[in-house]
Each structure stands twice: as structure tokens, then as C-alpha cells.
Amino acid sequence: MIIKDSYDALIVANGAPPSEKLFIELASRSKNLIAVDGGLKVFRRAGITPSLLIGDLDSVSPDDISWIRRRKTKTLPRRSQNATDLEKTLLYCRLRKWKSVAVFSINGDRPDHYLNGLDLAFKFRGLSLHYFVDGMLLIPMSGKKSLTLDTDDV
């Protein structure tokens, strides 16, 4: 399986959650843990505190906000609707000059979120993105191709 030894960040969006085993494995390999809006629920279920919560926060409950505040996690509300929460997060990563990012949960009930996630890989070419989706690892390549590899849950 092609999983890097370390990532600058692990981003968890609000789509279909990853397997808990794979999530815990990648969290242990990542220097920064970022919850994107409702992706906070994945961290909370696993009992892992993210280093950052970012997004318009329309998918987090008051209980989620209380939980994150008790853990003193940095929260960056980004209310603008001109970009998706994932795009706002990738911009944050690029501004910090991070190079390697693992991303969970770009998929879900809305195919437009999945397609947007893949499109963002080309918009943020300076980032090496590994998308983990439904038992697969997608590594967007430059140009118009991508590589899809089946993965077992670590």
C-alpha cells in the first residue's frame, strides 16, 4: 500500500467517514490534524483532538463546539460561500508551505463534493494530495490523469 511515512496534515472533511483503523493510522503519521466543518465528528468519535477546526461551521453542533473549546483547539471560522470548506482548508495548507496532505471524506451523498475535491487537486498543484475514498487511495497527478489504488484498511 502506498501510504507515506508522514504527512504535513491530515484533513477530514464532512463526507463519508474513513475506517477508524485507517483514520487512527494516518493521524499518527500526520503533524497537523485538521477537521473541516462536520469532519469534526470523526475526530470526536475516535477521541482524537484535531489541531484545527476550519470552515463555515454550518455542520457542527453546539455540543461539537463545546467539545472543541474544552480541548483548546484553534478554530478558524471561514463564512465565505465563494469557496468550499475543503478549498479554504487547502489554501490554509498552501499558505503554511506544507507539501504533503492526506484527505479523508471528500465523498458522500453529493457527487459534486467528490468532483470538487478532485478538481481542487489541480488547483493546488503545489500540494501532494492523497485522497482516501471508499477503500481506495487516489493520487491526483499533474495533467488530466489520476492514479487509483485499492487499499485494505491498513
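Computed from a predicted model, the values in this text were never measured in an experiment.

K.L.:
For this particular structure, what's the right way to read the confidence of the model for the protein?
P.N.:
If pLDDT is low for a region, its predicted coordinates should not be looked at in detail. Mean pLDDT over the protein: 84, with 83% of residues reaching 70 or higher. Here strand S8 (residues 146-150) stands out as the element of the protein with the lowest mean pLDDT, 57, in contrast to strand S2 (residues 30-36), whose mean of 97 is the highest.

K.L.:
Sorry, what's going on with the nonpolar core here?
P.N.:
Generally speaking, nonpolar side chains in soluble globular proteins are found buried as a group. Counting residues in each nonpolar core, the largest one holds 24 residues, and the members touching the most others are Ile11, Ile34, Leu90 and Tyr131. Of all the elements in the fold, those that place two or more residues in this core are strand S1 (7-12), S2, strand S3 (52-55), helix H4 (85-95), strand S5 (100-104), helix H5 (111-123) and strand S6 (128-133). At four residues, the largest contribution of residues to this core is made by H4. In contact with Leu90, not counting residues within four places along its chain, are Ile11, Leu120, Phe124, Leu127, Leu129 and Tyr131. The next biggest cluster of nonpolar side chains, apart from the first, holds 23 residues, and it includes Leu10, Phe23, Phe43 and Val60.

K.L.:
So what exactly am I meant to see when it comes to the side chain of Thr89 here?
P.N.:
Mapped onto the elements of the fold, Thr89 is located in helix H4. A distance of 2.8 Å separates a polar side-chain atom of Thr89 from the backbone oxygen of Asp85. Other than its neighbours up to four places away in sequence, Thr89 contacts Ile11, Ile34, Val36 and Ile54.

Cut-offs applied
Residues numbered from 1 in each chain as written. Predicted model: local features only at pLDDT ≥ 70, side-chain atom pairs only at ≥ 80, totals over all residues. Heavy atoms only, no water. pLDDT = per-residue confidence, 0-100. Helix = DSSP H or I, 4+ residues; strand = E, 2+ residues; numbered from the N terminus. Core = buried A, V, L, I, M, F, W, Y, C linked by side-chain atoms within 4.5 Å. Buried < 20%, exposed > 50% of the residue type's maximum accessible area, 1.4 Å probe, protein only. Contact = heavy atoms within 4.5 Å. Polar contact = N/O pair within 3.5 Å; in protein donor to acceptor, adjacent residues only side chain to side chain.

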